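Each chain is listed here by its residues.
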Amino acid sequence: MIKVYICEDDPKQLQELEQLVSKVIIDRQLDMGFGLSSSDPHEILASVRRQSPEKAVFLLDIALNSDINGIQLASEIRDLGGRNKIIFVTTHTELSLTVFQYQVEALDFILKDFPDQLYDRLRQVLTVAQTRFKSEEQPQEELIQIKIGEMIRSLEVQHVLFFESSLNPHKIVVHLDDGELEYYGLLKDVPDLNDNFYRCHKSYVVNLTRIRSLDKRYRQVTMADGERVLCSAQASRYLARRIGKY
């Protein structure tokens, strides 16, 4: 569950925020619950240190009538580590630049100047926060980037079969599950793109995870799509050791 912490020095506004956040959680059926609501930033810090929440959302006023303000509180929270989203609920938009100086990476600023819009803003930002947490939990696809003309293409490593030297000077052909792409580059630099890329021949770099079989006699590698790639004697010995891992 995502813990929600609120720090607001005005008791009336603190109560209003609690009520609105509770309503949003119920209405949107969010996987959230309160960690602590307080007017004292030091109480918030003490609670976070004690509870060490894995995931947390912090709704912070900037002016807190304390020896530290909301931005400094946010910085302290960041220093404690953990995964959290920080949202400022304030009238002090002129201090937004200070947020960047403290590098607290605020998810959003919500202005108190428009109380009639507060519920909608909280509904939007809390929903976004939960979505972000969920996306961060999903395994991220490994990507590489290549430049084709003036365009940068991102390719998923799992769909890359192998690279080969092009007949066109200073160009490389990358073979993918769904086609081929040609771009300017040096084959010797390709293994630096990903740990699974291995130069098996002066003209080829293979994706180790996409090898189907190895023919040591003819020094050929068969890739997942059936294409065959040459490999050197040294590479053949190395692949014989590695191929069993995939």
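Each residue is numbered by its place in its chain's sequence as written, counting from 1. Local features in a predicted model are, by the rule used here, given only for residues with pLDDT of at least 70; side-chain atom pairs are given and counted only at 80 or more, and totals for whole chains, interfaces and linings are based on all residues. Hydrogens are left out, water is left out, and the side-chain values use all remaining heavy atoms of the structure.

With an unreviewed UniProt entry as reference, the protein chain is termed DNA-binding response regulator, source organism Lactiplantibacillus pentosus. UniProt positions are given in the numbering used here, feature names are shortened, and annotations may be inferred rather than shown by experiment. Taken from UniProt, the Function (unreviewed entry) comment for the protein chain reads in full: "Required for high-level post-exponential phase expression of a series of secreted proteins."

J.: Where do I start with the UniProt feature "modified residue: 4-aspartylphosphate" (unreviewed entry) in the protein chain in this structure?
T.: Here, the residues flagged by UniProt with the feature "modified residue: 4-aspartylphosphate" (unreviewed entry) are D61. Along the chain, D61 turns up in the loop between β3 (55–60) and α3 (70–79). For each residue, the accessible area found with a 1.4 Å probe, counting protein chains only, is set against the maximum for its type, and the residue is called buried under 20%, exposed over 50%, and partly exposed in between. Residue D61 is classed as buried on the basis of its relative accessible area, which comes to 4%. Filtering out sequence-adjacent residues up to four positions away, D61 remains in contact with C7, E8, D9, G70, V89, T90 and K112. The helix and strand labels rest on DSSP assignments: H or I over at least four residues marks a helix, E over at least two residues marks a strand, and numbering proceeds from the N terminus. For this analysis, residues touch if any pair of their heavy atoms sits within 4.5 Å.

J.: I tried to follow the nonpolar core on my own but got confused; where do I start?
T.: Most often, soluble globular proteins keep nonpolar side chains buried together rather than apart. Residue types Ala, Val, Leu, Ile, Met, Phe, Trp, Tyr and Cys, when buried and joined through side-chain atoms within 4.5 Å, form a set referred to as a nonpolar core. Counting 23 residues, the largest nonpolar core has V21, M32, V57, L59, L122 and L126 as its most contacted members. Taken together, the elements giving at least two residues each to this core come down to β1 (2–7), α1 (11–28), β3, β4 (83–90) and α5 (118–137). No other element matches α5, which puts seven residues into this core. Non-local contacts of L59, meaning those with residues more than four positions away in its chain, are made with V4, Y5, I6, C7, V21, I87, V89 and L122. Counting 18 residues, the second largest nonpolar core, distinct from the first, contains A56, F58, I68 and I77.

J.: So what exactly am I meant to see when it comes to the packing of helix α2 (residues 41–51) against α3 here?
T.: Two numbers describe a pair of packed helices, the interaxial angle and the distance between the axes. Axis separation between α2 and α3 bottoms out at 11 Å; the angle between their running directions is 10°. One way to sum up the angle between α2 and α3 is to call them roughly parallel. Judged by residue contacts, P41, L45 and R49 of α2 engage L73, E76 and I77 from α3. Three residue categories are used. Nonpolar comprises Ala, Val, Leu, Ile, Met, Phe, Trp, Tyr, Cys and Pro, charged comprises Asp, Glu, Lys and Arg, and polar comprises the others, including Gly. Taken together, the residues of the contact of α2 with α3 sort by class into four nonpolar, no polar and two charged. All axes here are fitted lines through C-alpha atoms, helices being fitted over the stretch that makes contact, and every angle between N-to-C directions spans 0 to 180 degrees. Roughly parallel means an angle under 35 degrees; roughly antiparallel means over 145; roughly perpendicular covers 65 to 115; every other angle is labelled oblique.

J.: I keep staring at the sheet that holds strand β2 (residues 32–38) and nothing clicks. Help me out?
T.: One key point about sheets: their strands pair by backbone hydrogen bonds, in either a parallel or an antiparallel sense. Strands are labelled as partners when DSSP assigns at least two bridges between them. One open sheet accounts for five strands, arranged β2-β1-β3-β4-β5; its pairing is parallel. Both outer strands of the open sheet, β2 and β5 (106–111), are each paired with one neighbouring strand and no more. Looking at each pair of strands side by side, their axes are set apart by 20° on average, direction ignored. The sheet strands contacting α2 are β1, β2 and β3, and the helix crosses β1 at an angle near 160°. Against the sheet, α3 contacts β1, β3 and β4, and its axis sits at roughly 175° relative to β4.

J.: What exactly am I supposed to notice about helix α6 (residues 233–242) here?
T.: In an α-helix, one turn spans 3.6 residues, which is why side chains three or four residues apart end up on the same side. For α6, the full list of buried residues reads A235, S236, L239 and R242. Axial view of α6: buried residues confined to an arc of 130°, hence all on one face. In α6, the exposed positions angled more than 90 degrees off the buried face are occupied by Q234 and R241. Elements in contact with the buried residues of α6: β11 (197–201), β13 (211–215) and β14 (220–223). The arc in question is the one traced by the directions running from the helix axis out to the C-beta atoms.

J.: Please explain the sheet that holds strand β10 (residues 179–184) as it appears in this structure.
T.: Read across the open sheet, the five strands follow the order β10-β9-β8-β12-β11; overall the sheet is antiparallel. Either end of the sheet is taken by a strand with one partner, and the two such strands are β10 and β11. Within this sheet the neighbouring strands show an average axis-to-axis angle of 25°, counted without direction. As defined by bridge partners, strand β8 (residues 160–165) adjoins strand β9 (residues 171–176) across five bridges and the pair is classed as antiparallel. Note that in β9 the partner of F162 across the bridge is H175.

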